[in-house]
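Spelled out from the first residue to the last, the chains are:
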Amino acid sequence: MNYKLTRYVSYKEKNNIIAVYSNFNLMFFKGDTAMWFKKIVNKENIDEIPKKYLEYLQRKEVIELD
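The present account deals with the structure reproduced in this document. (Residues numbered from 1 in each chain as written. Predicted model: local features only at pLDDT ≥ 70, side-chain atom pairs only at ≥ 80, totals over all residues. Heavy atoms only, no water.)

## Comments concerning the sheet that holds strand 4 (residues 25-30)
Hydrogen bonds between backbone atoms are what pair the strands of a sheet, whose relative direction is either parallel or antiparallel. Applicable threshold: The rule for pairing is simple: two strands pair if DSSP sees at least two bridges between them. Runs of H or I in DSSP of at least four residues are treated as helices and runs of E of at least two as strands, each being numbered from the N terminus. Note on geometry: axes are C-alpha line fits, over the in-contact stretch for helices, and angles between N-to-C directions span 0 to 180 degrees. Residue contacts are defined here by distance: any two heavy atoms, one from each residue, within 4.5 Å place the two residues in contact.
In space, the three strands of this open sheet follow the order 2-3-4, with antiparallel pairing throughout. The open sheet terminates on both sides in strands that have one partner only, identified here as strand 2 (9-14) and strand 4. Sheet twist, expressed as the average angle between the axes of neighbouring strands with direction ignored, equals 20°. Two strands pair when backbone bridges link them, and strand 2 and strand 3 (residues 17-22) are joined in this way by six bridges, in the antiparallel orientation. Residue pairing in the sheet places Glu13 in a bridge with Ile18 of strand 3. Sheet contacts for helix 1 (residues 32-41): strand 2, strand 3 and strand 4; angle to strand 4, the most-contacted strand, approximately 105°.

Here you go:
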């Protein structure tokens, strides 16, 4: 399965922290979650990303199936 960002998303990275704004939700990712987010954005291998994290991003309308 491949995912892509939805049209509602904008994000910015600074000091190894990613701020993601999507559909009136503001989320901050750092550490593993920032690394996983970058893998999704760069369309890298996402096999090691926990399913719960992917489901969370889908619920928040950050990602959708490509």
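## Digging into the packing of helix 1 against helix 2 (residues 51-59)
Packed helices, taken two at a time, are described by the angle their axes make and the gap between the axes. The condition is simple: Should an angle fall under 35 degrees it is called roughly parallel, over 145 degrees roughly antiparallel, and 65 to 115 degrees roughly perpendicular, with every other angle called oblique. Throughout, a crossing is termed right-handed when the near helix is turned clockwise from the far one, and left-handed when it is turned anticlockwise from it by less than a right angle.
Two elements in contact, helix 1 and helix 2, have axes whose closest approach is 12 Å; the angle formed by their N-to-C orientations is 70°. In this view, helix 1 runs roughly perpendicular relative to helix 2, as classed from their interaxial angle. Along this stretch, helix 1 crosses helix 2, giving a crossing that reads as right-handed. Seen from helix 1, the contacting residues are Thr33, Trp36, Phe37 and Ile40; seen from helix 2, they are Tyr53, Leu54 and Leu57.

## Re the environment of Ile18
Locating Ile18 in the fold gives a position in strand 3. Setting aside its immediate chain neighbours within four residues, Ile18 contacts Tyr11, Lys12, Glu13, Met27, Phe28, Phe29, Ala34, Phe37 and Lys38.

## Describing the nonpolar core
For clarity, the threshold we go by: Grouping buried Ala, Val, Leu, Ile, Met, Phe, Trp, Tyr and Cys residues that are joined through side-chain atoms within 4.5 Å yields what is termed a nonpolar core. Residue exposure (1.4 Å probe, protein chains only): buried if accessible area is under 20% of the type maximum, exposed if over 50%, otherwise partly exposed.
Judged by nonpolar contacts, the single largest core of 17 residues is most densely connected at Val20, Phe29, Ile40, Tyr53 and Val62. Secondary-structure elements contributing two or more residues to this core are strand 3, strand 4, helix 1 and helix 2. At four residues, helix 1 tops the list of elements feeding residues into this core. Residues in contact with Phe29, not counting those within four places in the same chain, are Asn16, Ile17, Ile18, Val20, Ala34, Phe37, Tyr53, Tyr56 and Leu57.

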